[in-house]
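Structural features, examined
Residues per chain, in single letters:
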Amino acid sequence: MYAIVRAGGRQEKISVGDTILINRVKGEAGDAVDLQPLLLVDGSTITSDADKLAKVTIKAEVVGPAKGPKITIMKYKNKTGYKKRQGHRQPLTQVKITDITA
């Protein structure tokens, strides 16, 4: 059984035991998080109806904080001597999927 969930503006394919990175959520390591399912596949049964998906619960446990990859931003204007360099690492949260119930 696996599910497609909405996690921080993205869609992730998950199953029980998977560890994924999502946008930062409030909570410490060990706290429970509920995720919103968009699609559920259980063998040959595919559930995509909103009424049936409202009954599906996906529970995850916060493993800890993480950071995304380093993004380098360069700005440059010709003939003026202007150049600027910035970097950014998106704060993320690592979560482990503990339960999918339909």
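For the chain, the name recorded in an unreviewed UniProt entry is Large ribosomal subunit protein bL21, with Janibacter melonis as its organism.

When you go through the chain residue by residue, the secondary structure sums to 1 helix and 9 strands. Listing each helix as α and each strand as β along the chain from the N terminus yields β-β-β-β-β-α-β-β-β-β. With the C-alpha coordinates aligned to their principal axes, the bounding extent of the chain is approximately 65 × 30 × 20 Å. Out of the 102 residues belonging to the chain, those deemed buried represent 25%. Within the chain, counting contacts between residues at least 6 apart in sequence, those at least 24 apart form 64% of the total. Total accessible area on the chain stands at roughly 7,200 Å², and carbon and sulfur atoms take up 48% of it. In the chain, 18 positive and 10 negative side-chain charges are present, and the distance between their average locations comes to 21 Å.

This part takes up the pattern of salt bridges. Following the criterion strictly, the structure yields 2 salt bridges and no others. Across the pair Glu12 and Arg10 runs a salt bridge, and its minimum N-O distance is 3.3 Å. The partly exposed category is assigned to Arg10, whose relative accessible area is 37%. One salt bridge in this structure joins Lys59 and Asp34, with 3.6 Å as the shortest N-O distance. Taken as a pair, Lys59 in strand S6 (residues 57–67) and Asp34 in strand S4 (residues 32–42) lie far apart in primary sequence, 25 residues in all. Relative accessible area serves as the criterion here: at 37%, Lys59 is assigned to the partly exposed category.

The next subject is a positive patch on the surface. Together, Lys67, Lys70, Arg85 and Arg89 make up a region of like positive charge exposed at the surface. As for its placement among the helices and strands, Lys67 is situated in strand S6.

Taken as a whole and judged by the stated rule, the model has 0 aromatic pairs. One Lys or Arg, Lys13, reaches over the ring of Tyr2 and ends 4.3 Å from the middle of that ring.

Glancing now at the pairing of strand S9 (residues 91–101). In terms of strand pairing, strand S3 (residues 19–23) meets S9 through 5 bridges, oriented antiparallel. Bridged to Leu21 within S9 is Gln94. Bridge count for S6 against S9 is 10 bridges, and the pairing is antiparallel. Considered in S9, the bridge of Glu61 is made with Lys96.

The next subject is the side chain of Thr47. Within the secondary structure, Thr47 sits in strand S5 (residues 45–47). Taking the relative accessible area as the measure of exposure, Thr47 reaches 16% and is therefore buried.

Reading the values: rules and limits
- Residues numbered from 1 in each chain as written.
- Predicted model: local features only at pLDDT ≥ 70, side-chain atom pairs only at ≥ 80, totals over all residues.
- Heavy atoms only, no water.
- Helix = DSSP H or I, 4+ residues; strand = E, 2+ residues; numbered from the N terminus.
- Buried < 20%, exposed > 50% of the residue type's maximum accessible area, 1.4 Å probe, protein only.
- Contact = heavy atoms within 4.5 Å.
- Areas by Shrake-Rupley, 256 points an atom, 1.4 Å probe, with all protein chains shown as cover.
- Lys, Arg positive; Asp, Glu negative; His and termini not counted.
- Charge placed at Lys NZ, Arg CZ, Asp CG, Glu CD.
- Salt bridge = Lys/Arg side-chain N within 4 Å of Asp/Glu carboxyl O.
- Patch = residues over 30% accessible without salt bridge, like charges linked within 9 Å, V, L, I, M, F, W, Y side chains within 5 Å.
- Phe/Tyr/Trp six-rings, centres within 6.5 Å; stacked < 30°, edge-to-face > 60°.
- Lys NZ or Arg CZ within 6 Å of the ring centre and 35° of its normal.
- Pairing = 2+ DSSP bridges.

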